[in-house]
Number of protein chains: 8
Amino acid sequence: MRLNEVTISRAILEEQHRALIDLLEVDAAVIGGGPSGLTCAALLGKRGIRCALIEKKLSIGGGMWGGGMMFPRIVVQEEARRLLDRFGVACREFEEGYYVAKSVETVAKLTAAACDAGVEFFNLVTVEDVMVRGDGRVGGLVINWTPVDMAGLHVDPLTIACTCTVDATGHDATIARMIERKGGNIQVKGESFMWAERAESRILEHTKEVYPGLFVAGMAANAVAGECRMGPIFGGMLLSGERAAELVAEALDR
Amino acid sequence: MRLNEVTISRAILEEQHRALIDLLEVDAAVIGGGPSGLTCAALLGKRGIRCALIEKKLSIGGGMWGGGMMFPRIVVQEEARRLLDRFGVACREFEEGYYVAKSVETVAKLTAAACDAGVEFFNLVTVEDVMVRGDGRVGGLVINWTPVDMAGLHVDPLTIACTCTVDATGHDATIARMIERKGGNIQVKGESFMWAERAESRILEHTKEVYPGLFVAGMAANAVAGECRMGPIFGGMLLSGERAAELVAEALDR
Amino acid sequence: MRLNEVTISRAILEEQHRALIDLLEVDAAVIGGGPSGLTCAALLGKRGIRCALIEKKLSIGGGMWGGGMMFPRIVVQEEARRLLDRFGVACREFEEGYYVAKSVETVAKLTAAACDAGVEFFNLVTVEDVMVRGDGRVGGLVINWTPVDMAGLHVDPLTIACTCTVDATGHDATIARMIERKGGNIQVKGESFMWAERAESRILEHTKEVYPGLFVAGMAANAVAGECRMGPIFGGMLLSGERAAELVAEALDR
Amino acid sequence: MRLNEVTISRAILEEQHRALIDLLEVDAAVIGGGPSGLTCAALLGKRGIRCALIEKKLSIGGGMWGGGMMFPRIVVQEEARRLLDRFGVACREFEEGYYVAKSVETVAKLTAAACDAGVEFFNLVTVEDVMVRGDGRVGGLVINWTPVDMAGLHVDPLTIACTCTVDATGHDATIARMIERKGGNIQVKGESFMWAERAESRILEHTKEVYPGLFVAGMAANAVAGECRMGPIFGGMLLSGERAAELVAEALDR
Amino acid sequence: MRLNEVTISRAILEEQHRALIDLLEVDAAVIGGGPSGLTCAALLGKRGIRCALIEKKLSIGGGMWGGGMMFPRIVVQEEARRLLDRFGVACREFEEGYYVAKSVETVAKLTAAACDAGVEFFNLVTVEDVMVRGDGRVGGLVINWTPVDMAGLHVDPLTIACTCTVDATGHDATIARMIERKGGNIQVKGESFMWAERAESRILEHTKEVYPGLFVAGMAANAVAGECRMGPIFGGMLLSGERAAELVAEALDR
Amino acid sequence: MRLNEVTISRAILEEQHRALIDLLEVDAAVIGGGPSGLTCAALLGKRGIRCALIEKKLSIGGGMWGGGMMFPRIVVQEEARRLLDRFGVACREFEEGYYVAKSVETVAKLTAAACDAGVEFFNLVTVEDVMVRGDGRVGGLVINWTPVDMAGLHVDPLTIACTCTVDATGHDATIARMIERKGGNIQVKGESFMWAERAESRILEHTKEVYPGLFVAGMAANAVAGECRMGPIFGGMLLSGERAAELVAEALDR
Amino acid sequence: MRLNEVTISRAILEEQHRALIDLLEVDAAVIGGGPSGLTCAALLGKRGIRCALIEKKLSIGGGMWGGGMMFPRIVVQEEARRLLDRFGVACREFEEGYYVAKSVETVAKLTAAACDAGVEFFNLVTVEDVMVRGDGRVGGLVINWTPVDMAGLHVDPLTIACTCTVDATGHDATIARMIERKGGNIQVKGESFMWAERAESRILEHTKEVYPGLFVAGMAANAVAGECRMGPIFGGMLLSGERAAELVAEALDR
Amino acid sequence: MRLNEVTISRAILEEQHRALIDLLEVDAAVIGGGPSGLTCAALLGKRGIRCALIEKKLSIGGGMWGGGMMFPRIVVQEEARRLLDRFGVACREFEEGYYVAKSVETVAKLTAAACDAGVEFFNLVTVEDVMVRGDGRVGGLVINWTPVDMAGLHVDPLTIACTCTVDATGHDATIARMIERKGGNIQVKGESFMWAERAESRILEHTKEVYPGLFVAGMAANAVAGECRMGPIFGGMLLSGERAAELVAEALDR
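The rules behind these values
Residues numbered from 1 in each chain as written. Chains lettered and ligands numbered in written order. Predicted model: local features only at pLDDT ≥ 70, side-chain atom pairs only at ≥ 80, totals over all residues. Heavy atoms only, no water. Helix = DSSP H or I, 4+ residues; strand = E, 2+ residues; numbered from the N terminus. Rg over C-alpha atoms; globule rule 2.2 N^0.38 Å. Buried < 20%, exposed > 50% of the residue type's maximum accessible area, 1.4 Å probe, protein only. Contact = heavy atoms within 4.5 Å. Lys, Arg positive; Asp, Glu negative; His and termini not counted. Charge placed at Lys NZ, Arg CZ, Asp CG, Glu CD. Least-squares fit on C-alpha atoms with pLDDT ≥ 70 in both. Salt bridge = Lys/Arg side-chain N within 4 Å of Asp/Glu carboxyl O. Polar contact = N/O pair within 3.5 Å; in protein donor to acceptor, adjacent residues only side chain to side chain. Nonpolar A, V, L, I, M, F, W, Y, C, P; charged D, E, K, R; others polar. UniProt positions renumbered as here; feature names shortened; annotations may be inferred. Pairing = 2+ DSSP bridges. Axes fitted to C-alpha atoms, helices over the stretch in contact; angles between N-to-C directions. Phe/Tyr/Trp six-rings, centres within 6.5 Å; stacked < 30°, edge-to-face > 60°. Buried area = accessible area lost by both parts, 1.4 Å probe.

**A few points about the overall build of chain A**
Reasoning step 1: The helix and strand inventory of chain A stands at nine helices and eleven strands.
Reasoning step 2: For chain A, the C-alpha radius of gyration of 18 Å lies close to 18 Å, the compact-globule estimate for 254 residues.
Reasoning step 3: The principal-axis extent of the C-alpha atoms belonging to chain A is close to 55 × 55 × 40 Å.
Reasoning step 4: Classification of the 254 residues of chain A by burial places 70% in the buried group.
Reasoning step 5: Sequence separation of at least 24 residues holds for 65% of the intrachain contacts in chain A that already meet a minimum separation of 6.
Reasoning step 6: One way to put it: in chain A the 27 positive side-chain charges average out to a point 1 Å from where the 34 negative ones average out.

Below is the structure:
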């Protein structure tokens, strides 16, 4: 076994450089690696669409790792069970129509599925701004390393072009709010009270293109619409990710 | 679709309660969810050994998520390629004998494999101390919620019993150092300079039972032995996890 | 004496698990373990109502521990003295109608009384949100571990159902403000200037149901009403807690 | 009801001033308001000994509030059950010889008992140093407000005289370490591994006068002796507090 | 030389207790120990008015210690020179009409003059709120220890009664803003641009009773009026303090 | 009244520049503006010795402002009363031989006396290092702005030359420790237990030249000698400052 | 080689004192040492105009050091290439019309050019406020040491007079916002979305006198105008700095 | 001018990627961008040696930016003047043999010279460890992004190979200490007292190869040797950088 540290470094730099260059122009960029973002990215990849998932944290999975109150279990209802099955996540029926899965397994299997579908992950990357040109469409993203921001440093960003953008950033609806703050025609109403049943039943209609080129998925969809919030039930999340993937695919076909 | 938030909460509490009660007495406890810990746990699980993986952070995967310098790629050499294959991680040969994989995919697939093997994950849990009784063996662990420590609160821990413990906590070799600090007969020599080749070639001999009931794997093994450190090459990590699993299995058979 | 650490851990987990499951559906949830919340919970418990007291800090007692400016004494006026007597708190008449008690003793005796009355305490638990459904009533609470928030982690909450909720969170009127912020029909006017006499005399009329299912007690009642604030005089607090308990009991009878 | 804010302030200042002046010379000072300190102080007070309990935090109760891992229950074994009964703490037998009590109730009842026994509490007060004169005895304490230290301010302390001092500061054994650091003839060996059974069985012999005028109780006793640590089992704590009270009473009789 | 630490502590406690009790009802309370507050207090004291100066920091002197940009000199113009002379502060003429003094000496001499005039100082004390009763007058202050706030603790305040209050808190105009925020009829316009000449010439007309019982002096006067700010020229400050003392004296005579 | 901001700035810069240039070579540098440093500097100045007082904080006075536990009173015994009188500090006899003074007044009057004696103050200045040349004498100081260090910036220092240096930095004995750390022949033993009587009686013999060119005064003298500590009794401090001034004067005469 | 530390200190103090005195009255003050500020200052200096560049950080160069996402390269388009040439910055044509330069070299060469042109740099200096007098013109600046603010200290500023001021503070447009906040007739609209082409093409028309005596350059110009933002393309920055220098020169000629 | 953000990003990525790949194997790596490191790198580059300068901060220049105590001037003595001239730094003779230069200009000109000599700069990069293989030589460096460390993240490093390494990290002598800590045969004695004359005269003999492949320059050389420290006189720094360049050139010739 002959190792050469320089070869190792070069291997990493060369491979990732190619990925970065490819990232500069993608069909779809999904922002946020929680349940809806992962589902959306995995299904976009499955359709052969060039898709990048951008996550500001070091790890993928978002708020799902901790289950409910650090008890690492999640619940999914009947309607979404087929997605668990599709991604190979084991679950147990607790009461009729309620399935319990392990949160760690759910994250791992969804991420693995997205990888298998050819999604490229960019973790520790923050979206600072969006690009909107004369056509009034979100046509690209302004990105930076997350640690630069965490360390309070002033370093300029880079930009990437993407035909469709999916805001799957959760309660904050970060991308939609960015556009609202700069005068774009979106109103982010913010989550309403917790009412899981209602939130779950409405999320699919809130999953849509809210600004030319920008789609919302998961809790970001409910936050934009002023819809109720849910707790540790994830069926709606998965279904919303699935719907967003369909909408993006249609938009790319246009 | 009729949801009931109370049912969701009860489902999570009941399911996880059972897991916690089961955790109180396990065959093997692996501390640390990095590459060597995950490999070890997955292979222990495969053998039908009741195994718990305890990780202090919210997410599983440790330092692997960021690849080298935030370029999310890792390198594995020839000898360890079969483990990548076994866990279903795609890789590309960069130069002869050097394979590059995506760091996100590697984490996801290793974690998924451990889940499939029946390993129970306890994330956001910190090991505060070990239990050593009259027989001079590490017979259990003293655990607490990580956020309790992060928040500077004073809350008493709980304890679990385990026949074998694997310290896969990386450079810090946290468990081994705990025993050293309290006068146990271990000397943690600390990592030496970076020399990937040497570090990779020696790690298997350093992977062993360093105190009755306590095994070390991955960088913790090298840190205890005063061995050189490696960079973003992970073959030795995976192989060390595999070896640790074999040693634990043997010990449990005794 | 034969101890077994695993038995100890199991005992704690089993007993508290039962309490958590019971918490999922209670008659009354009192938020905040200061003087008015403790009084309210103790008197609700006395009436046989299933009552949970949720406190975000590690210790129960709120701002009462420190007396006035860290001189650990509190003052109670004539009207409320009978409550001190009822809870067994010793006091000394300083001037006619003004009784001085020790702040530490007052906390301990009120808490002890609530325990004796069967109140279940959930400390280190934060209320993140409320549940409001189609009937427009506060029907439940969204809770999480406080250290999760203190540590800046992202972990999903759980939910509990409660028929009546008492906001006894002090100046902040946390629960009432939550509803106001999300567009519920409450206006939290905020405390006015200090005027102990007026604040004490008005607090009982401000102690009421301010939103379907939500009652306010103690300083939260005055804060919602825009009433004056008090200093380290606690008679009104105790009386307000007593009144809130009566109102909740009536509501539950309806 | 006519209130006068100035009367309220004067009442608090006058009453507490008297307590402070009384504090300047006490028979016994107990440092630390956890289970052993509270038990010790309560039993000293019962014997008619003038006793002050000094606690650096705002609330009394120490690490007991959080039970084990934030599940607010504690366990007490057979031998110590009579102390729970004596203080009026309800408990339930979990297995033979293991009783589970609520942590909140335990704190409240122990504190209430100490109050009833005439113990004076000084919370938010830190012991900065001890007084040792020509006779080589710990004859007093150097105290300051805790927030002064928390705020990083430089303010001189005050001093109090006490015939006997009980270090019930837990794992840190703060007072004993202070003396060790300044060259006094004590060696604080530090806690050893967790071994609840052994720790519980030895604590009474470690509860003793470790330096002229200084007694250790609870975990501080075990920490000085290099004894094993316990988890959330509190029988030894209560019994150690009881023993310390007996030793102090004997010393005062000399 | 025979010392007794307990006597020392008792001496401090007894003496300061008397001062605290006296503080509960004063003629005038000056908030802020900068140049205008010190001048005002010193001159009130000279007139035999019972005056307390409350300063939130540990040291008296405010922003004057550092001179201009840490060069510890201040400048005073002709009109105010007589006040420097009156307080015994040495100065040197730099150009016609401009006198330079040392900032350290200026603080020391003003403070010494206030002490000699019988002013009682309360440092490390924060004003949390004001008391306004039925007569619509500021009739008292709600005070707390500053370190309590710095340490993020929750401790109730005490209250004092004062016939006249002088807000000499500088740019922040803390007391005036408190009243504005709670709906009192004051508008704090905030400082305008720097224009020393104008600011100095107008400060005396802005020094006045801005709310029944509340006077403003120094930069607080200019901040309430929306007047320009000054730099390190202190004549207007001293003259404003003098004027405020005259106005308070007149008000007390009414 | 015609002001000109530029004239004000120029006046401050020119005056302070001269003081800085003068500071570059002084007879005596006193480090630390607490009671012993102020007394020493004032008495050196009185003797016509060119003396600079360097204080790292913004305000002069050190720990004296806060009295004992924020009760702003200090105690001085009979022997030192003449120094209070000399500096014009009012005091009251509490018991025979114990005089109580106000801490604020004591700081102000000592500082004023030093100013009157011609001492130049350099506040917000930190001593980073000392200069020792071939003659083995402390011959100068390496100074920097305190805020540079507080802000974590890297800026080079300047240096000043001084014939004698007085370490009056309190418990830390900063200057003496600096020399010890770099291998100079001093041993800083650190304060022993509190024993005011002994500490006060021995401080004068510990006030001496501890290294060629370096004198210690106040608590720094006791800290170097391993002497006991005192509480809020300041007689020894003042007398030690007086003695240090005598020793420095003698040394300068040599 | 005979060195004398005092001579070194005196040399620095004397030389910089002269520069500070000169700073008190300058023709032009440029705030911010990024690309546009440096270009502007260098070209003003070249014209023989007395110019000071004030930078709040320790180092000059602003956000340019880090290139794009820490890859230390910048891009400049055809139109601005002549400025790179003028300042001696090497560049390479990447595609037609796009030139890549090293960010470190660009900073160094621009700064060197400004030094050669006689610009005086004041780093670690913050502009706190502006001076506006009766003529309604920005006639001066209120400055302070940056570390004073970073350390949270309260120290008064000094002031300087300048005929023209250039706000080159980047996205924040600090000076323009200061005037807006105090009621001056400017509206800072804030940056719009990223659209490099448009932002670059419009920046010259936004580079202008936005308030009597105040000019904006670089991103501050676009931020005031509500114009789009750019990424790591710097041509517009350099050209805007050039234009600002021309406008200031014209204004000074008037 | 038609701009394309993607082209800009690609230009930066491609250009810097090439530099990173080149960095993987260099002749000389200089760690630290202060005066000695910059001089060394510039002179190495001039000799045609492939040299990389690695700086952990965002900006190059180290402690030189702030001059002495934020007065941005530095002093250089006669012997080193020729280096100022060589780099084009203007200076003024203050006294015979003492030249004063502006600190900002000195940084800019030294950096520009290094750029012109072909040195490649890697700022925001931290050296975490060194590579030492069987030959016992420092043969490479383990590097990471500085913000990763500042943000407290766990990300693996990369490695580079270099024939010679120059530790120019100042007082800390970071690289030398790394080797000492891991048992290499170096003793870093640490700086002694300030004595500029001696420090300047000895620095050239301390500038040497202290471990196979590792050279020390500037203050790091004096720190390793236990030599005295200097203040803001930079002649020795520049000369030491020059000497280190000569030594490295010789070593590469061997």
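Next comes the rest of the account.
**Brief notes about the relation of the copies chain G and chain E**
Reasoning step 1: You can overlay chain G on chain E at an RMSD of 0.0 Å; the transform is a turn of 90° with a shift of 0.0 Å along its axis. In the structure described here, the two chain copies are related by an operation that fits a four-fold rotation axis.

**What about the interface of chain B and chain A?**
Reasoning step 1: Tallying the contact residues gives 58 residues for chain B and 58 residues for chain A.
Reasoning step 2: The tally of links between chain B and chain A comes to ten salt bridges.
Reasoning step 3: B:Arg10 is the salt-bridge partner of A:Glu95, the closest N and O atoms lying 2.5 Å from each other.
Reasoning step 4: Viewed at the interface, chain A and chain B are joined by 19 residue pairs in polar contact (both at pLDDT 80 or more).
Reasoning step 5: Put simply, the parts of the chain that give the side of chain B that touches chain A at least two residues each are helix 1 (5-23), strand 3 (73-77), strand 4 (92-95), strand 5 (98-102), helix 4 (103-116), strand 6 (120-123) and helix 7 (196-206) of chain B.
Reasoning step 6: Considering every element that reaches the side of chain B that touches chain A, the biggest residue donor is helix 1 of chain B, with 13 residues.
Reasoning step 7: Residues that form the side of chain B that touches chain A fall into these classes: 31 nonpolar, ten polar and 17 charged.

**Focus: the UniProt feature "binding site: Fe cation" (unreviewed entry) in chain A**
Residues and elements named next belong to chain A.
Reasoning step 1: Here the UniProt feature "binding site: Fe cation" (unreviewed entry) sits at Asp156 and His171. In summary, the annotated positions, distributed over 16 residues, remain apart in three dimensions as well, the widest C-alpha pair reaching 27.1 Å.
Reasoning step 2: Within the element layout of this structure, Asp156 appears in the loop between helix 5 (146-150) and strand 9 (158-167).
Reasoning step 3: For His171, the position within the fold is in the loop between strand 9 and helix 6 (174-181).
Reasoning step 4: What makes His171 partly exposed here is its relative accessible area of 30%.
Reasoning step 5: Beyond its immediate stretch of four places on either side in the chain, His171 contacts Arg177, Glu191, Met219 and Ala223.

**Details of the relation of the copies chain B and chain A**
Reasoning step 1: Screw-axis analysis of chain B against chain A gives a translation of 0.0 Å along the axis, an RMSD of 0.0 Å, and a rotation angle of 180°. In short, the pair behaves as if placed about a two-fold rotation axis. Identified as the residue of chain B closest to the rotation axis by C-alpha distance is B:Ala108, at 2.3 Å.
Reasoning step 2: Of all interface residues in chain B, 100% are interface residues in chain A too; the two copies therefore contact each other through one and the same surface.

**A word on the sheet that holds strand 4 (residues 92-95) of chain E**
Reasoning step 1: Pairing within the open sheet is antiparallel, and its three strands lie in the order 3-5-4 (chain E). Each of the sheet's edge strands pairs with one partner strand only, and the pair in question is strand 3 (73-77) and strand 4 of chain E. Each adjacent strand pair in this sheet contributes to an overall mean axis angle of 40°, direction not counted.
Reasoning step 2: One ladder, built from five bridges, connects strand 3 of chain E with strand 5 (residues 98-102) of chain E; its direction is antiparallel. In the strand pairing of strand 5 of chain E, E:Arg73 is matched with E:Lys102.
Reasoning step 3: Strands in contact with helix 1 (residues 5-23) of chain F are strand 3, strand 4 and strand 5 of chain E; relative to strand 4 of chain E, the strand with the most contacts, it is inclined by about 125°.

**Some details on the packing of aromatic side chains**
Reasoning step 1: If you walk through the whole model with that rule in mind, you get 19 aromatic pairs over all chains.
Reasoning step 2: Taken together, a centroid distance of 6.5 Å and an interplanar angle of 25° make the contact between C:Phe71 and F:Phe71 stacked. Pair noted here: C:Phe71 is in the loop between strand 2 (51-55) and strand 3 (73-77) and F:Phe71 is in the loop between strand 2 (51-55) and strand 3 (73-77), and the two residues belong to different chains.
Reasoning step 3: Geometrically, the ring pair formed by C:Trp145 and D:Phe71 is edge-to-face, given 6.3 Å between the ring centres and 85° between the ring planes. Linking C:Trp145 in strand 8 (residues 138-145) with D:Phe71 in the loop between strand 2 (51-55) and strand 3 (73-77), this pair reaches from one chain into another.
Reasoning step 4: Overall, the relative accessible area of 3% leaves C:Trp145 in the buried class.
Reasoning step 5: Among the aromatic residues, those joined into a ring-pair cluster are A:Phe71, B:Trp145, C:Trp145 and D:Phe71.

**Considering the arrangement of the chains**
Reasoning step 1: Where chain B comes nearest to chain F, the C-alpha atoms are still 24 Å apart, and the two do not contact one another.
Reasoning step 2: You won't find any contact between chain C and chain H; their C-alpha atoms come no closer than 14 Å.

**Concerning the pairing of strand 4 (residues 92-95) of chain H**
Residue and element names in this part refer to chain H.
Reasoning step 1: Two elements, strand 4 and strand 5 (residues 98-102), share three bridges in a ladder whose sense is antiparallel. From the neighbouring strand, Arg92 faces strand 5, where its bridge partner is Val100.
Reasoning step 2: As consecutive antiparallel partners, strand 4 and strand 5 are separated by two residues, and within that stretch Gly97 has a phi angle of approximately 90°, a positive value.

**Details of the pairing of strand 9 (residues 158-167) of chain G**
Residues and elements named next belong to chain G.
Reasoning step 1: Of all ten residues in strand 9, nine are buried; the element is thus mostly enclosed.
Reasoning step 2: Of the pairings in the sheet, the one linking strand 1 (residues 25-31) to strand 9 comprises six bridges and is parallel in character. Within the sheet, the bridge partner assigned to Glu25 lies in strand 9 and is Ala161.
Reasoning step 3: Note: strand 8 (residues 138-145) against strand 9, four bridges, orientation antiparallel. Bridge pairing links Val142 to Thr159 in strand 9.
Reasoning step 4: Here strand 9 runs beside strand 11 (residues 214-216); their pairing, made up of three bridges, is parallel. The residue of strand 11 that forms the bridge with Thr165 is Leu214.

**Examining the UniProt feature "binding site: NAD(+)" (unreviewed entry) in chain A**
All names here are of chain A.
Reasoning step 1: UniProt tags Ser36, Glu55, Lys56, Gly63, Val127, His154, Val155, Asp156 and Met219 as "binding site: NAD(+)" (unreviewed entry). Maximum C-alpha separation among the annotated residues is 31.8 Å over a sequence range of 184 residues, too wide for a single clustered spot.
Reasoning step 2: Structurally, the position occupied by Lys56 is in the loop between strand 2 (51-55) and strand 3 (73-77).
Reasoning step 3: According to the relative accessible area criterion, Lys56 is partly exposed, its value standing at 45%.
Reasoning step 4: For Lys56, the residues in contact, after removing those within four places along its chain, are Leu124, Val125, Thr126 and Thr146.
Reasoning step 5: Positionally, Val127 belongs in strand 7 (residues 125-132).
Reasoning step 6: Ignoring anything within four residues of it in the chain, the contact list for Val127 reads Ile31, Ile54, Leu141, Val142, Ile143, Ile175 and Met178.

**A few points about the interface of chain G and chain E**
Reasoning step 1: In this complex, chain G contributes 24 residues to the contact, which on the side of chain E involves 17 residues.
Reasoning step 2: A combined buried area of about 1,900 Å² lies between chain G and chain E, and 66% of that area is made up of carbon and sulfur atoms.
Reasoning step 3: When the buried surface of chain G facing chain E is broken down by residue, G:His154, G:Asp156 and G:Lys182 rank first, second and third, together holding 30% of it.
Reasoning step 4: Linking chain G with chain E are three salt bridges, by the criterion used here.
Reasoning step 5: A salt bridge links G:Glu128 to E:Arg229; the shortest N-O distance between them is 3.3 Å.
Reasoning step 6: At the boundary of chain G and chain E, one finds six residue pairs in polar contact (both at pLDDT 80 or more).
Reasoning step 7: Elements with a contribution of two residues or more to the side of chain G that touches chain E: strand 7 (125-132), strand 8, strand 9 and helix 6 (174-181) of chain G.
Reasoning step 8: For the side of chain G that touches chain E, the class distribution of residues is 14 nonpolar, five polar and five charged.

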